[in-house]
Every structure is written in structure tokens, then in C-alpha cells.
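Structure at a glance
Here are the chains, one letter per residue:
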Amino acid sequence: MLNQHQNRLALMNTLLKSAIILILLSVILILFSGCRTVVERPSNPEILIIPVSPGHDFIYINDSWRWNHRARAYKISNGYWTKPKKSSVWVDGHWRKTRGGWTYAKGYWH
């Protein structure tokens, strides 16, 4: 009888710890994902200067936006030349309209 009671207490203790960890992770996720939404999306630069290609087998990755945690705002990241990944295509980043405003989806290799 006592052993069953101890097992139940141990199980409840484990479940409680798991629930606390899950709640903390959820709060962290909400805090970090929500701060990347802006009411008005930044405008793109009016003039885009692309430097000369370093070679015929390079592709240019366009300017993109990155979240600056200190400024709590998006900052532009300059484009760059790179060699393409084998059997992949670069998909440029883009702005997405959300309920709370705008968020930037980073570019990626597909």
C-alpha cells in the first residue's frame, strides 16, 4: 500500500515538473516569436547596387532583413555573391502579412 502511494507521488512529481517545463518553453516561444512582428513593414532601398560577380558560377543573394533584438526592429542585411548549393534553388525572403502586422520570412535553399 505504501509502495503504491510512493509511486503515485513520484508520477505526480514527474508530471508536475514536465508541465512546468512545457509552460516555460511556451512562454519563451511566445516572447521571441511575437517580438518579430512590426506594424508597418520597412521599405526596400530605392537603389540596389549589386557588386561585380566574382565568377561565372556564382549567384547573387538579394538584400534581406534580420531582426535586431536590441533595436527591436528589422535591419537590412546586404546581399552577397555565393556559389549555389548542388541541386538546390535559392528562394528569396519575403514579407508576410499577419494579424498583428508584418513579419519577414528568411530566404532559404530549396
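Residues numbered from 1 in each chain as written. Predicted model: local features only at pLDDT ≥ 70, side-chain atom pairs only at ≥ 80, totals over all residues. Heavy atoms only, no water.

With that settled, the discussion passes to the overall build of the protein chain. Helix and strand counts for the protein chain come out as 1 helix and 8 strands. Looking at the 110 residues of the protein chain, the share that counts as buried comes to 13%. Across the protein chain, contacts joining residues at least 24 apart in sequence account for 45% of those joining residues at least 6 apart. Approximately 9,400 Å² of the protein chain is accessible, and the part contributed by carbon and sulfur atoms is 60%. (Helix = DSSP H or I, 4+ residues; strand = E, 2+ residues; numbered from the N terminus. Buried < 20%, exposed > 50% of the residue type's maximum accessible area, 1.4 Å probe, protein only. Contact = heavy atoms within 4.5 Å. Areas by Shrake-Rupley, 256 points an atom, 1.4 Å probe, with all protein chains shown as cover.)

Here we take up unusual backbone geometry. Phi at arginine 72 is positive, roughly 55°, even though this residue is not glycine. For arginine 72, the position within the fold is in the loop between strand 2 (64-68) and strand 3 (73-77). Positive phi outside glycine occurs at serine 87, with the angle close to 55°. For serine 87, the position within the fold is in the loop between strand 4 (80-82) and strand 5 (90-91).

On inspection of all chains with the given rule, the structure shows 6 aromatic pairs. Ring centres of tryptophan 67 and tyrosine 74 lie 5.0 Å apart, and the angle between their planes is 75°; this geometry places the pair in the edge-to-face category. Each member of the pair, tryptophan 67 as well as tyrosine 74, carries the same accessibility label: buried. Each ring, one from tryptophan 95 and one from tyrosine 104, has its centre 5.2 Å from the other, and the planes form 65°; the classification is edge-to-face. (Phe/Tyr/Trp six-rings, centres within 6.5 Å; stacked < 30°, edge-to-face > 60°.)

Here we come to the nonpolar core. Val38, Trp65, Trp67, Tyr74, Trp95 and Tyr104 together form the largest nonpolar core, which totals 6 residues. Apart from the residues within four sequence positions on either side, tryptophan 95 is in contact with Val38, Arg41, Pro42, Trp65, Tyr74, Trp102, Thr103 and Tyr104. (Core = buried A, V, L, I, M, F, W, Y, C linked by side-chain atoms within 4.5 Å.)

Moving on, we come to the pairing of strand 7 (residues 101-105). Counting buried positions along strand 7 yields 4 of 5 residues, so the element is predominantly enclosed. Between the antiparallel neighbours strand 6 (residues 94-98) and strand 7 lie 2 residues. (Pairing = 2+ DSSP bridges.)

Moving on, we come to the side chain of threonine 103. Its place among the elements puts threonine 103 in strand 7. Looking at threonine 103, its side chain comes within polar contact range of the side chain of tyrosine 74, at 3.3 Å. Discounting residues that sit within four places of it in the chain, threonine 103 has contacts with Arg36, Thr37, Tyr74, His94, Trp95, Arg96 and Thr98. (Polar contact = N/O pair within 3.5 Å; in protein donor to acceptor, adjacent residues only side chain to side chain.)

Another aspect to go through is the pattern of salt bridges. The full count for this structure, using the stated rule, is 1 salt bridge. Salt-bridge contacts for aspartate 57 lead to lysine 83; the nearest nitrogen and oxygen are separated by 3.4 Å. A residue pair is termed long-range when its members are at least 10 positions apart, and aspartate 57 in the loop between helix 1 (2-34) and strand 1 (59-61) and lysine 83 in the loop between strand 4 and strand 5 qualify at 26 residues. Relative accessible area serves as the criterion here: at 36%, aspartate 57 is assigned to the partly exposed category. Given the relative accessible area of 47%, lysine 83 is considered partly exposed. (Salt bridge = Lys/Arg side-chain N within 4 Å of Asp/Glu carboxyl O.)

All quantities given are derived from atomic positions and should not be read as evidence of function.
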